[in-house]
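# Secondary and tertiary structure notes
This is what each chain is made of:
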Amino acid sequence: MTVDHDRLFKELISTFFEEFMLLFFPDVYEEIDFRQVKFLSQEVYTDVIVGEKYKVDILVETKLKGEDGLVNIHVEPQSYHQEEFNERMFIYFSRLFEKYRRKILPIALFSYDFIKNEPNNFSMTFSAQPILDFNYLTIELKKEDWRNYLRKYNPVAAALLSKMGYNESEKVEVKKEFFRILIRLELDQARASLITGFFETYLQLNDEQEEEFLQEVRKMNPKESEKIMEIMTSYERKGIEKGIEKGIEKGIEKGKEAAIHEVGKRMLEKGKSIEEIMEMTGLDEEEIKKLEK
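None of these values were measured; they are calculated from a predicted model. Numbering of residues starts from 1 in each chain and follows the order in which that chain's sequence is written. Local features in this predicted model are restricted to residues whose pLDDT is 70 or higher, and side-chain atom pairs enter the listing and the counts only when it is 80 or higher, whereas totals over whole chains, interfaces and linings include all residues. The side-chain quantities take in all heavy atoms of the structure and omit both hydrogens and water.

A separate point is a nonpolar patch on the surface. The residues that make up patches have over 30% relative accessible area and no salt bridge, and they are joined within 9 Å when like-charged or within 5 Å when they are Val, Leu, Ile, Met, Phe, Trp or Tyr. For the area figures, the Shrake-Rupley method with a 1.4 Å probe applies, and any residue is considered shielded solely by the protein chains shown. The working definition used for a salt bridge is a side-chain nitrogen of Lys or Arg within 4 Å of a carboxyl oxygen of Asp or Glu. Among the surface-exposed residues, Met124, Phe126 and Ile131 lie close enough to one another that they form a single nonpolar patch of about 350 Å² accessible area. Topologically, Ile131 is positioned in strand 8 (residues 129–135). We classify Ile131 as exposed; its relative accessible area is 54%. Secondary structure elements follow DSSP: runs of H or I of four or more residues count as helices, runs of E of two or more count as strands, with numbering from the N terminus. Here the term buried applies to any residue with accessible area under 20% of the maximum for its type, exposed to any over 50%, and partly exposed to those in between, with areas from a 1.4 Å probe on protein chains only.

Have a look at this one:
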């Protein structure tokens, strides 16, 4: 199934923006006034040179402590390697600055499943003369050791364990530690489901690993084990309910389709023309000819 990476990361960071900044950029975090945070509508830009449209994924308007003016923070999650990504970050910056004329902090969040040394700047020289040196902050999740985040007790850290630098043999342990963090966070059900859904999307165990994970949970102290099983059961139940809802929706659509076909058959029996049936039912000529047979 295709994963909508942009939506997942946008939902996570928008919900836990303050925690995201604290986790990765503690110095910047100390300067931001989080009482005034506003998520701006998505900006879309057309690159006339290559003929493509680009959209700024996350754009925040806020203030710095002790300053009157507004500032923007632009976070760009990137799920695949792209040549000249640094150039695109500069284009985003220049377009945003042209529109808002204020301080902008650009951040690139790389989440692909391999290590790649991504640049953190875009520069330009002319005849050996430096013309431009644009820099932005970067996070390369695959370079992060997941063990360094186990004592952070941060919801963003918990979710992003699933995209950090672990190997196949560590997957069960990563999942176990994820749930340990989750029960200590004591989040409401909606936020806990968001984080669990994000984690489960990116870290999936096979049947053998899943059985090993359940055995590890049973070995924990009874209080931890019980809470983890409760969270898992609740999350699975929500997934089942969602599936039932989708099934009902599909059933309703199938019911409508069957009803329209029945109307078409009756109109044919009464000798109505194909054009009349098309107009009344919305069926196309080919569908009506099938009913005729």
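There's more to say after this.
If you trace the backbone, Asp188 turns up in the loop between helix 6 (171–185) and helix 7 (189–202). Counting of polar contacts relies on pairs of N or O atoms within 3.5 Å, with two restrictions inside protein: one atom must be capable of donating a hydrogen and the other of accepting it, and residues adjacent in sequence are counted only when both atoms are side-chain atoms. Within the local environment of Asp188, its side chain forms a polar contact with the backbone nitrogen of Arg191, the two atoms lying 2.9 Å apart.

This part takes up the packing of aromatic side chains. Aromatic rings considered in pairs are described by the distance between their centres and by the relative angle of their planes. By convention, a stacked pair of Phe, Tyr or Trp rings (six-membered ring in the case of Trp) has centres within 6.5 Å and planes under 30 degrees apart, an edge-to-face pair has planes over 60 apart, and any other such pair is tilted. As enumerated under the stated definition, the model contains 21 aromatic pairs in all. On the basis of an interplanar angle of 50° and a centroid distance of 6.2 Å, the ring pair of Phe24 and Tyr149 is categorised as tilted. Residue Phe24 is found in helix 2 (residues 17–24), and its partner Tyr149 is found in the loop between strand 9 (137–140) and helix 5 (155–160); the two are separated by 125 residues along the sequence. Here Phe24 matches Tyr149 in class, with each residue buried. Taking the centre distance of 5.0 Å and the plane angle of 75° together, the rings of Phe178 and Phe179 count as edge-to-face.

It is worth spelling out the side chain of Asp33 at this point. Inspection of the secondary structure puts Asp33 in strand 1 (residues 32–39). For Asp33, a relative accessible area of 10% puts it in the buried group. The contact criterion used throughout is that any non-hydrogen atoms of two residues lie within 4.5 Å. The residues touching Asp33, leaving out its near neighbours within four places in the chain, are Thr62, Lys63, Leu64 and Lys65.

In this section: the packing of helix 6 against helix 8 (residues 207–219). The geometry of helix 6 relative to helix 8 is characterised by a closest axis approach of 9 Å and an angle of 45° between their N-to-C directions. One element, helix 6, and the other, helix 8, form an angle in the oblique class. Remark: the crossing between helix 6 and helix 8 carries right-handed chirality. Across the interface between the two elements, Lys171, Val172, Lys175, Lys176 and Phe179 of helix 6 pack against Gln209, Glu210, Glu212, Phe213 and Glu216 of helix 8. Note on geometry: axes are lines fitted to C-alpha atoms, helical ones only across the stretch in contact, with angles between N-to-C directions running from 0 to 180 degrees. Angular relationships are summarised with four words: roughly parallel below 35 degrees, roughly antiparallel beyond 145, roughly perpendicular across 65 to 115, and oblique for the angles in between. Two helices that cross are described as forming a left-handed crossing if the nearer one is turned anticlockwise from the farther one by less than a right angle, and a right-handed crossing if clockwise.

One can describe the packing of helix 10 (residues 274–281) onto helix 11 (residues 285–292) by two numbers: an axis separation of 10 Å at closest approach and a directional angle of 115°. In this view, helix 10 runs roughly perpendicular relative to helix 11, as classed from their interaxial angle. Seen along the crossing, helix 10 lies across helix 11 with a hand that is right-handed. In this structure, helix 10 uses Ile274, Ile277 and Met278 to contact helix 11, whose residues at the interface are Glu285, Ile288 and Lys289.

In short, shape yes, function no, at least from these values alone.
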